[in-house]
Amino acid sequence: MLFKIRGMKTILAIAFFLCSLSTIAKSQSNATAPQLSVHWEELTAADFREGIHRSQGTCVLPFGILEKHGPHLPLGTDLFNARYAALHAAEKEYALVFPEYYFGQIGEARHEPGTIAYSHDLQLALLQETTDEMARNGCKKIIIVNGHGGNEWMLRYFAQTQLEKPHDYVVYLFDKRSPDKGGPPKKSSITNWHAGEDETAKMMIARPDTVHMDRAATESGADQHRQNLADDVYTGIWWYARWPGHYSGEGAVATEELGQFQMDWWVNAVADVIRAVKADDVSLELQNEFYEKSRHPLETQP
Ligand SMILES: [Zn+2]
């Protein structure tokens, strides 16, 4: 009898042990896929492989610059804002986000302290090698999220140069930082371009610790109109002619409320772009068709 009771106890203990084992196993199998950082540089090599799989080869390259931003914002403003938008977007719609990249076009600010202006051939070569290397590691869809107005033409030109020779990946450019309308009414009385109301407001969300609102009105952000040319005549010195102090707007009127509205818009817009790019099977197919046809143009029929 004593043996029987002991035996029962043992059986119950084993049953309880097996039960708890299966509960643990169940809770593990029920758990969603393990959290993966969207930061390229934070992943282990094995997790990187999983990240490429999970993102369907979709990677984001937030692109900034080091340049004066009025008297009140840090040199890295454009990269801080672009990375904030890209990282939060990638958390909504998984994509891998490349580390800090600020090797763009900023020749027009070389007279200001802290500007890093690489030569134009290096800018393009470095960007090409960066996207080539990203693609070699599985990023077959690369979305450049541009944070700096001065990169505008350089990045479009870079995208066009992808037609020079075959690539097994597509470069997508998203170059919009503020919504066209909506949100709290704007208070600016002058151009709201560089370190102005919008950009300052976004920095109040992305990196409030680096914003010096008390200095925002210590310089003028007004257009100096120092060139007497029609709008459709372009010169490389145009920006310096109009805003030599790299301040185009009124940072002092910016509010956190506007910043939150604009950042939410930017994050959602980038997430939508990531989603659309993941679904895009046409661009690479067309690129390949184009590369093939461009090898024998005389055979191309209308
Ligand atoms: Zn900027």
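The residue count restarts for each chain, going from 1 along the sequence in the order it is written. Since the coordinates come from a predicted model, pLDDT governs what is reported: local features require at least 70, and pairs of side-chain atoms require 80 or more to be given and counted, while whole-chain, interface and lining totals use all residues. Side-chain measures were taken over the full set of non-hydrogen atoms in the model, leaving aside hydrogen atoms and water.

**Q** Looking at this structure, how should I read the overall build of the chain?
**A** A count of helical and extended segments in the chain gives 9 helices and 4 strands. Listed by position from the N terminus, the elements making up the chain come as α-α-β-α-β-α-β-α-β-α-α-α-α. Partly exposed residues are those whose accessible area sits between 20% and 50% of the maximum for their type, while under 20% is buried and over 50% is exposed, using a 1.4 Å probe and protein chains only. Per-residue burial for the chain yields a buried fraction of 43% across its 302 residues. Taking contacts inside the chain between residues at least 6 apart in sequence as the whole, the part at least 24 apart equals 78%. Secondary structure counts use DSSP, requiring at least four H or I residues in a row for a helix and at least two E residues in a row for a strand, with both numbered from the N terminus. Here, residues are in contact when the closest pair of their heavy atoms is within 4.5 Å.

**Q** It is not clear to me how helix H5 (residues 152-161) should be interpreted in this structure. Could you clarify?
**A** Those residues of H5 that fall on the buried side of the exposure criterion are Met154, Leu155, Phe158 and Thr161. For H5, the angular spread of the buried residues around the axis is 120°, confining them to a single face. Each C-beta atom gives one direction from the helix axis, and the arc is the one those directions make.

**Q** What should I look at first to understand the environment of cysteine 59 in this one?
**A** Topologically, cysteine 59 is positioned in strand E1 (residues 58-63). It is 7.2 Å that separates the C-alpha atoms of cysteine 59 and phenylalanine 98, two residues lying 39 residues apart in sequence. Not counting the four nearest positions on each side in its chain, cysteine 59 is found in contact with Trp40, Ile52, Leu96, Met134, Cys139, Lys141, Ile142 and Ile143.

**Q** Even after reading the chapter, I still don't get the side chain of aspartate 175, so can you show me in this structure?
**A** Residue position: aspartate 175 is located in the loop between strand E4 (170-174) and helix H6 (197-206). Engagement of the side chain of aspartate 175 in a polar contact is seen with the side chain of arginine 156, the distance being 2.7 Å. At a separation of 2.9 Å, a polar atom in the side chain of aspartate 175 contacts the side chain of arginine 177. Excluding residues that lie within four positions of it along the chain, aspartate 175 makes contacts with Asn146, Glu152 and Arg156. Contacts described as polar in this section are N or O atom pairs within 3.5 Å, which, within protein, must combine one atom able to donate a hydrogen with one able to accept it, while residues neighboring in sequence count only if both atoms come from side chains.

**Q** Is there a simple way to explain the nonpolar core in this structure?
**A** Note that soluble globular proteins tend to have their nonpolar side chains buried in a common cluster. In this description, a nonpolar core means a group of buried Ala, Val, Leu, Ile, Met, Phe, Trp, Tyr and Cys residues linked to one another through side-chain atoms lying within 4.5 Å. Core analysis: the largest hydrophobic core is formed by 59 residues, its most contacted members being Leu61, Leu127, Met134, Ile144 and Trp266. At 9 residues, helix H8 (residues 256-279) tops the list of elements feeding residues into this core. The residues touching tryptophan 266, leaving out its near neighbours within four places in the chain, are Asn81, Ala82, Ala85, Val145, Asn146, Phe174, Lys176, Arg177 and Lys202.

**Q** Sorry, what's going on with the pairing of E4 here?
**A** Looking along a regular strand, one sees the side chains alternate between the two faces of the sheet. The element E4 is extensively covered by neighbouring structure, given that 4 of its 5 residues are classed as buried. With 5 bridges connecting them, strand E3 (residues 141-146) and E4 associate as parallel partners. Across the sheet, the residue bridging to isoleucine 144 is leucine 173, located in E4. Clockwise travel from the first strand over the helix to the second, with the strands pointing away from the viewer, marks a crossover as right-handed. Between the parallel pair E3 and E4, the chain is carried across by H5, and the sense of this crossover is right-handed. By definition, two strands form a pair when at least two bridges between them are found by DSSP.

**Q** How should I be thinking about the state of the cysteines in this particular structure?
**A** Chemically, a disulfide is nothing more than a covalent bond linking the sulfur atoms of two cysteines. Put simply, a disulfide is two cysteine sulfurs that come within 2.5 Å. If you walk through the whole model with that rule in mind, you get 1 disulfide. The disulfide partner of cysteine 59 is cysteine 139, and the S-S distance across this bridge is 2.1 Å. Because the torsion about its S-S bond is -75°, the bridge between cysteine 59 and cysteine 139 counts as left-handed. One end of the pair, cysteine 59, is in strand E1; the other, cysteine 139, is in the loop between helix H4 (120-136) and E3, and 80 residues separate them in sequence. For cysteine 59, a relative accessible area of 0% puts it in the buried group.

**Q** Got a minute to help me understand the sheet that holds E1 in this structure?
**A** Backbone hydrogen bonds are what pair the strands of a sheet, in a parallel or an antiparallel way. Spatial strand order, E2-E1-E3-E4: 4 strands in an open sheet with parallel pairing. Both outer strands of the open sheet, strand E2 (96-97) and E4, are each paired with one neighbouring strand and no more.

**Q** Looking at this model, I keep getting lost on the pattern of salt bridges. Mind explaining?
**A** Side chains that carry opposite charge are capable of pairing whenever their charged atoms lie near each other. One side-chain nitrogen of Lys or Arg within 4 Å of one carboxyl oxygen of Asp or Glu is enough to make a salt bridge. Tallying each qualifying case throughout the model produces 17 salt bridges. When the shortest N-O distance is used, the salt bridge between lysine 293 and glutamate 289 registers 3.9 Å. Here the residue lysine 293 and the residue glutamate 289 both occupy positions in helix H9 (residues 282-294), the gap between them amounting to 4 residues, near one helical turn. Residue classification places lysine 293 among the partly exposed residues on the basis of a relative accessible area of 37%. Residues joined by salt bridges that share partners form a network here, namely Glu93, Asp272, Arg275 and Lys278.

**Q** How should the confidence of the model for the chain be read in this particular structure?
**A** Segments scoring low in pLDDT should not have their predicted coordinates read at a detailed level. Mean pLDDT for the chain: 92, with 89% of residues reaching 70 or above. Segment residues 1-5 is flagged for pLDDT under 50; beyond a separation of four residues in sequence, or across chains, it makes 0 contacts in the model. Scored from 0 to 100, pLDDT reflects the predictor's confidence in each residue. Here residues 11-31 scores under 50 on pLDDT; set against residues more than four positions off or in separate chains, the count is 0 contacts.

**Q** Can you walk me through the packing of helix H3 (residues 77-92) against H6 in this structure?
**A** For any two helices packed against each other, the geometry comes down to the angle between their axes and how far apart the axes lie. The angle between two axes is taken between their N-to-C directions and runs from 0 to 180 degrees, where each axis is a line fitted to C-alpha atoms and a helix contributes only its stretch in contact. Direction vectors running N to C along H3 and H6 enclose 60°, while the axes themselves pass 10 Å from each other. Seen from above, H3 lies across H6 with left-handed handedness. Side by side, H3 and H6 meet where Thr77, Asp78, Phe80, Asn81 and Tyr84 of the first sit next to Glu199, Lys202, Met203, Ile205 and Ala206 of the second. Basically, the charged four are Asp, Glu, Lys and Arg, the nonpolar ten are Ala, Val, Leu, Ile, Met, Phe, Trp, Tyr, Cys and Pro, and anything else, Gly included, counts as polar. Its residues assigned to classes, the contact of H3 with H6 comprises 5 nonpolar, 2 polar and 3 charged. For any helix crossing, the convention is left-handed if the near helix is rotated counterclockwise from the far helix by under a right angle, and right-handed if that rotation is clockwise.

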